[in-house]
Amino acid sequence: MILLEKRPQPSRVWTFATPVLAVVLTMIFGGVLFAALGNNPFETIRTIFLDPLFSEFAWFYRPQILIKGAPLVLIAIGLSFGFRAGIWNIGAEGQYIIGALCGAAVGLAFYPTESFIIFPLMVIAGALGGWAWAMIPGFLRVKFGTNEILVSLMLVYVAEQLLSSMALGAMRNPDGVGMPGSRNLTQYPSATSWINESAGMHWGVVFAFIAVIFAYIALSRHIFGFQVRLSGQSPRAAKFAGVNPARLILICMGLSGALAGLAGLFEVAGPASQVSINFNVGYGFTAIIVAFLGRLHPVGIVLAAGLMALTYIGGEIAQSNLGLPGAAIQLLQGMLLFFLLAVDVLTNYRIRLKREGLT
């Protein structure tokens, strides 16, 4: 008989080993999936995880890691504060969309005016848009005790409908001959987030690294980080320590929403270049995997975001070169979270073998 025995305290070894084990298991079972789809599993795994870094076209793919990884880092850093405190914002995808819409609306409102102040205003609008959207489930949780998981998740679908409405209506390019989508923001110098497009550098990358530094200092050197950790580990002890639960909920929800909104703004003003129906590509949901794979630690999140960026880039290569279905890449990402949660049990429990009939 196999039994799970509670550890006296979480294992530090397994805390760091489980993400690596989850990645290995994902590769193994992903290979089985690809073989079932008629692809060579070894070639497919190599294409997804190694070709973006070491193939003959790696010089072209490597900047894409920054482009794909920056929004994941920004969103995951914001989510990590709430997750550490036991506050579950699952609707970052919606906050990402609203941030993009608010920021783009400011830029388009000034078109074709050229001014250095326009992009900073777009940044502020993007952050405020994401913050306001996250405040809805935060406020409802504080005032009425609603479940922030359900409310934030349902608001994602509301945001997607707003995105479609804007792309087809108020933000549609008047010179676009009826085609859905806004003007191309990257062709409007005052509204683009690019710093060096060929190197993959835009302001989202800069803000992502700033967010990592801020999160590291806040969580390890500031009283706010202590309150976040204490609330997640022991809510009752946090109350005795003077932590205001309602204020903490609003701060964590607002912080995650603002960072998700910034990620949306930098994406729409850079790599995506316009408000379109298919603007959102699931960064808000993938960032949840990134946050947990990185153990909710800022440095771990950077590494996890790089890995997930590889799956995006390698997945596109595999779809083009090997004919792999796009849904298979999404399933691979889902496998990663599944195996991470499964093997994470070993952090708090040890496996014991017990013979039948013995006490």
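See the structure above.
Visitor: Sorry, what's going on with the pattern of salt bridges here?
Guide: Pairing of side chains with opposite charge becomes possible as their charged atoms draw close. Applying the stated criterion across every chain, the model contains seven salt bridges. As a salt-bridge pair, R46 and D51 come within 3.4 Å of each other at their nearest N and O atoms. The exposure class assigned to R46 is partly exposed, which follows from its relative accessible area of 40%. As a salt-bridge pair, E316 and K68 come within 3.3 Å of each other at their nearest N and O atoms. Of this pair, E316 sits in helix 13 (residues 298–322) while K68 sits in helix 4 (residues 58–84), and the two are 248 residues apart along the sequence. Because the salt bridges share partners, they merge into one network encompassing E5, R350 and R352.

Visitor: Quick question: what am I supposed to make of a nonpolar patch on the surface here?
Guide: Taken together, F110, F116, I117, L121, I124, L128 and W131 make up a surface patch of nonpolar side chains, about 710 Å² in accessible area. In terms of residue count, helix 6 (residues 118–144) provides more of the nonpolar patch than any other element does, four residues in total. With respect to the helices, strands and loops of the structure, L121 is situated in helix 6.

Visitor: I'm lost on helix 2 (residues 41–49) in this one. Help?
Guide: Among the residues of helix 2, those classed as buried are T44, I45, T47, I48 and F49. Buried residues along helix 2 sit in contact with helix 1 (12–36), helix 3 (51–54), helix 13 and helix 14 (326–343). Regarding helix 2, its N-cap is N40, as a side-chain oxygen of that residue lies 3.0 Å from the backbone nitrogen of F42 further along.

Visitor: Please clarify how the nonpolar core should be interpreted in this entry.
Guide: Inside soluble globular proteins, nonpolar side chains tend to come together where they are buried. Core analysis: the largest hydrophobic core is formed by 98 residues, its most contacted members being I75 and I77. When residues no more than four places from it in sequence are discounted, the contact partners of I77 are A211, V212, A215, L259, P298 and I301. By size, the runner-up hydrophobic cluster in this structure holds six residues, among which are Y61, I65, A309 and I313.

Visitor: I keep staring at the packing of aromatic side chains and nothing clicks. Help me out?
Guide: The description of two aromatic rings rests on the distance between their centres and on the angle between their planes. What the rule picks out here adds up to 15 aromatic pairs. Arranged with centres 5.2 Å apart and planes meeting at 10°, the rings of Y96 and F279 form a pair that is stacked. In this pair, Y96 sits in helix 5 (residues 92–110) while F279 sits in the loop between helix 11 (245–268) and helix 12 (283–293), placing the two residues 183 residues apart along the sequence. Here the aromatic cluster, defined as three or more aromatic residues joined through ring pairs, consists of Y96, F279, Y283 and Y312. When the ring centre of Y349 is taken as reference, the NZ or CZ atom of K6 above it lies at 5.1 Å.

Visitor: It is not clear to me how the packing of helix 8 (residues 203–221) against helix 11 should be interpreted in this structure. Could you clarify?
Guide: Angle between the axes and distance between the axes: these two values describe a pair of packed helices. Contact geometry of helix 8 with helix 11 gives a least axis separation of 9 Å together with a crossing angle of 160°. Overall, the two elements helix 8 and helix 11 adopt an arrangement that is roughly antiparallel. Considering only the axes of helix 8 and helix 11, their crossing is left-handed. In this structure, helix 8 contributes W203, G204, F207 and F214 to the contact, and helix 11 contributes L255, L262 and F266. Considering only residue class, the contact of helix 8 with helix 11 consists of six nonpolar, one polar and no charged.

Visitor: Where do I start with helix 7 (residues 148–168) in this structure?
Guide: Along an α-helix, a turn takes 3.6 residues, which lines up residues three or four apart on a common side. Here helix 7 contains 21 residues, and its C-alpha end-to-end distance of 30 Å stays within 8% of the 30 Å for a straight helix at 1.5 Å per residue. What helix 7 keeps buried is the set E148, V151, S152, L155, V156, A159, L163 and A167. End-on, the buried residues of helix 7 take up no more than an arc of 155°, which puts them together on one face. Helix 7 presents L150, M154 and Q161 as exposed residues on the side facing more than 90 degrees away from its buried surface. Along its buried surface, helix 7 packs onto helix 5, helix 6 and helix 12. The opening residue of helix 7, the one whose side-chain oxygen lies 2.7 Å from the backbone nitrogen of I149, is N147.

What counts and what doesn't
- Within each chain, residues carry numbers counting from 1 in the order of the written sequence.
- This being a predicted model, a pLDDT of at least 70 is required before a residue's local features are given, and a value of 80 or more before pairs of side-chain atoms are given or counted; all residues contribute to the totals for chains, interfaces and linings.
- The side-chain values count all of the structure's non-hydrogen atoms but skip hydrogen atoms and water molecules.
- In the sections that follow, a salt bridge refers to a side-chain nitrogen of Lys or Arg positioned within 4 Å of a carboxyl oxygen of Asp or Glu.
- Think of it in three bands: with a 1.4 Å probe and only protein chains considered, a residue is buried below 20% of the maximum accessible area for its type, exposed above 50%, and partly exposed in between.
- A helix here means a DSSP run of H or I that spans at least four residues, while a strand means a run of E at least two residues long, and both kinds are numbered starting from the N terminus.
- Like charges within 9 Å and nonpolar side chains (Val, Leu, Ile, Met, Phe, Trp, Tyr) within 5 Å are joined into patches, using only residues over 30% in relative accessible area that form no salt bridge.
- Using a 1.4 Å probe, the Shrake-Rupley method yields the accessible areas, and only the shown protein chains count as cover for residues.
- What makes two residues a contact is simply this: any of their non-hydrogen atoms within 4.5 Å.
- Two N or O atoms form a polar contact when they lie within 3.5 Å of each other; inside protein one atom must be a possible hydrogen donor and the other a possible acceptor, and for residues adjacent in sequence the pair counts only when both atoms belong to side chains.
- The nonpolar core is taken to be a set of buried Ala, Val, Leu, Ile, Met, Phe, Trp, Tyr and Cys residues, with the residues joined through side-chain atoms within 4.5 Å.
- Here a Phe, Tyr or Trp ring, Trp counted by its six-membered ring, pairs with any other such ring whose centre lies within 6.5 Å, and the pair is stacked when the planes are under 30 degrees apart, edge-to-face when over 60, and tilted otherwise.
- As a reminder, the over-ring test applies to NZ of lysine and CZ of arginine, requiring each to be within 6 Å of the ring centre and within 35 degrees of the ring normal.
- The angle between two axes is taken between their N-to-C directions and runs from 0 to 180 degrees, where each axis is a line fitted to C-alpha atoms and a helix contributes only its stretch in contact.
- Roughly parallel means an angle under 35 degrees; roughly antiparallel, over 145; roughly perpendicular, 65 to 115; everything else is oblique.
- Two helices cross in a left-handed way if the nearer one is turned anticlockwise from the farther one by less than a right angle. They cross in a right-handed way if the turn is clockwise.
- Gly is put with the polar residues, along with every residue not named as nonpolar or charged; the nonpolar set is Ala, Val, Leu, Ile, Met, Phe, Trp, Tyr, Cys and Pro, and the charged set is Asp, Glu, Lys and Arg.
- Multiplying 1.5 Å by the residue count of a helix minus one yields the expected span of that helix.
- In this description, one arc is meant: the one made by directions from the helix axis to the C-beta atoms.

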